[in-house]
Amino acid sequence: MHLALAFFSLAAVLAEARRCAAQQKPNNLVTASTSGALSALKYTNVGATGSYNEVTDIIPGTFPTCSANPFCVTKPKQISGKLAPFDDELTVAFRGPLNLYNIAVYQPTNASSATWKQVSSWTAGNKPDNLVFMNNMGGQESGEWSICAGSSQSYASGDWTASVSSANAQIANGALDETHEVNIMSSTPCSSSAQCTGFSRGTANHGWSGSKFFVFTFDMPPSSDPSKVPAIWALNAQIVRAAQYGCNCRGVGPGGCGEVDLLETLAADGANPDQAISEIYSPKGATGSGRSFFARPKNGKVTYGAIFDVQTDSIAIQQYTDWDYGTQQITRSVVDGYLNAPAMKVSFEGSSNSKRANYKPRSVMGAHKRRRWH
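Keep in mind it's a predicted model, so treat the numbers as computed, not measured.

Trainee: So what exactly am I meant to see when it comes to the overall build of the chain here?
Mentor: Tallying secondary structure elements over the chain gives four helices and 24 strands in all. Burial analysis of the chain (374 residues in total) assigns 52% to the buried set. Nonlocal contacts in the chain, meaning residues at least 24 apart in sequence, comprise 70% of its contacts between residues at least 6 apart. If you sum the accessible surface of the chain, you get close to 15,400 Å²; carbon and sulfur atoms cover 52% of it.

Rendered as structure tokens:
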């Protein structure tokens, strides 16, 4: 028995050694900085075992009281395994002031993850491929609104300040002002033949599930109002499909369905608006970059990648010198090269909050809008 266990352990070590030996070292990483001003951050041991509160219905009640009990109807959804719940469908949200120039999304073509294919892309001033810009302005040209439940998702206009009647009806130029937010979804709507997990209303689309690799080129110019600062964050797509700033499955610890602040500048007392922090929230709790930070790119374009990898149970956020958005596929060895590159490592074990920013309050219902606007 002991001999068999030893053989199994040796086999596992040898398999990992072969995988590491086969990886390709990236040549487009910004010179590594793993503390203070960061260029790379890697969350490990991400997967959680437990549950979160999946929204199954919204019962808004009637005006003027809007009283309904329950208003936000939920049920526990059990999760387990590597990357859970970040293996659920994700969306990525952006808040201005921010200029977006390019986006690409890569995903494994099969269970072996040997090849990752570009599944979505966009270049400013051009029509997206399998990517839709959305916002929370339902009830105007698309989506729905009620006085008690507020707005659902809607298709965003080309300047991202209003809604339009259909997906990408206007070509986006990439400029997001400091009073608006926008998020990206795939071009597949939720429907009876392509059902989405959890409750959705109005205009609702699928996100990206399983392993995924997002690449963005952007800048974050100075704010005219110091209380309005930019951010990029990934969150469970169920949150926006229900109500991003209302009834949703967002939260810290048991009940929360997952969010990662990729680069978020803060306007809170004690925060430096020229520094972007990262934090992660799931049924495990919350942790993050702590006193380390990514520099806010105020004076020129930067390119970042965010890899959510089931196989290694990790999330990597990295700055690149450049990215060829014409690249249609990459191999697992390339992905491994990025995942194993030097980075500040944060092990997401238990519900330790030791690396959270101490000036950053958290709310299940308000989240980003509350802490930046109030």
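Trainee: Mind showing me how you'd approach the pairing of strand E21 (residues 302-309) here?
Mentor: In summary, the side chains of a regular strand alternate between the two faces of the sheet. Burial of E21 is extensive: eight of the eight residues sit out of reach of the surface. Side chains Val302, Tyr304, Ala306 and Phe308 project from E21 onto one buried face, and the interleaved Thr303, Gly305, Ile307 and Asp309 project onto a second face that is buried too. Pairing of strand E15 (residues 212-219) with E21, which is carried by seven bridges, proceeds in the antiparallel orientation. By the bridge assignment, Phe218 is partnered in E21 with Val302. Judged from the seven bridges that link them, E21 and strand E22 (residues 314-320) form a sheet pairing that is antiparallel. Directly across from Asp309, in E22, lies its bridge partner Ser314.

Trainee: Explain the packing of aromatic side chains here, please?
Mentor: In this description, an aromatic ring pair is defined by two values, namely the gap between the centres and the angle between the planes. As enumerated under the stated definition, the model contains 16 aromatic pairs in all. Each ring, one from Phe133 and one from Trp160, has its centre 4.9 Å from the other, and the planes form 45 degrees; the classification is tilted. With a gap of 27 residues between them, Phe133 in strand E8 (residues 132-135) and Trp160 in the loop between strand E11 (154-156) and strand E12 (163-164) connect regions that are remote in the sequence. Exposure class is identical for Phe133 and Trp160. Each is buried. Centroid distance Phe214 to Phe308: 6.1 Å. Interplanar angle 90 degrees. Geometry classified as edge-to-face. Placement of Phe214 in strand E15 and of Phe308 in strand E21 is noted, with a sequence separation of 94 residues between them. Of the two residues, Phe214 and Phe308, neither departs from the other in class, the shared state being buried. Grouping aromatic residues by their ring pairs yields a cluster made of Phe94, Trp208, Phe214, Phe216 and Phe308. Note that Lys284 overlies the ring of Phe348, its terminal NZ or CZ placed 5.8 Å from the centroid. Sitting over the face of the ring of Tyr101, Lys301 holds its NZ or CZ atom 4.3 Å from the ring centroid.

Trainee: Any chance you could explain the pattern of salt bridges here in plain terms?
Mentor: Where charged atoms from two side chains of opposite charge approach closely, those side chains can pair. Counting across every chain of the model gives nine salt bridges. For Arg332, the salt bridge goes to Asp309, with nearest N and O atoms at 2.8 Å. Note that Arg332 is positioned in helix H3 (residues 332-339) and Asp309 in strand E21, a separation of 23 residues in sequence. Several salt bridges share partner residues, and in doing so they unite Asp309, Arg332 and Asp336 into one network.

About the thresholds
Residues numbered from 1 in each chain as written. Predicted model: local features only at pLDDT ≥ 70, side-chain atom pairs only at ≥ 80, totals over all residues. Heavy atoms only, no water. Helix = DSSP H or I, 4+ residues; strand = E, 2+ residues; numbered from the N terminus. Buried < 20%, exposed > 50% of the residue type's maximum accessible area, 1.4 Å probe, protein only. Contact = heavy atoms within 4.5 Å. Areas by Shrake-Rupley, 256 points an atom, 1.4 Å probe, with all protein chains shown as cover. Pairing = 2+ DSSP bridges. Phe/Tyr/Trp six-rings, centres within 6.5 Å; stacked < 30°, edge-to-face > 60°. Lys NZ or Arg CZ within 6 Å of the ring centre and 35° of its normal. Salt bridge = Lys/Arg side-chain N within 4 Å of Asp/Glu carboxyl O.

Spatial relationships are all this shows, so hold off on functional conclusions.
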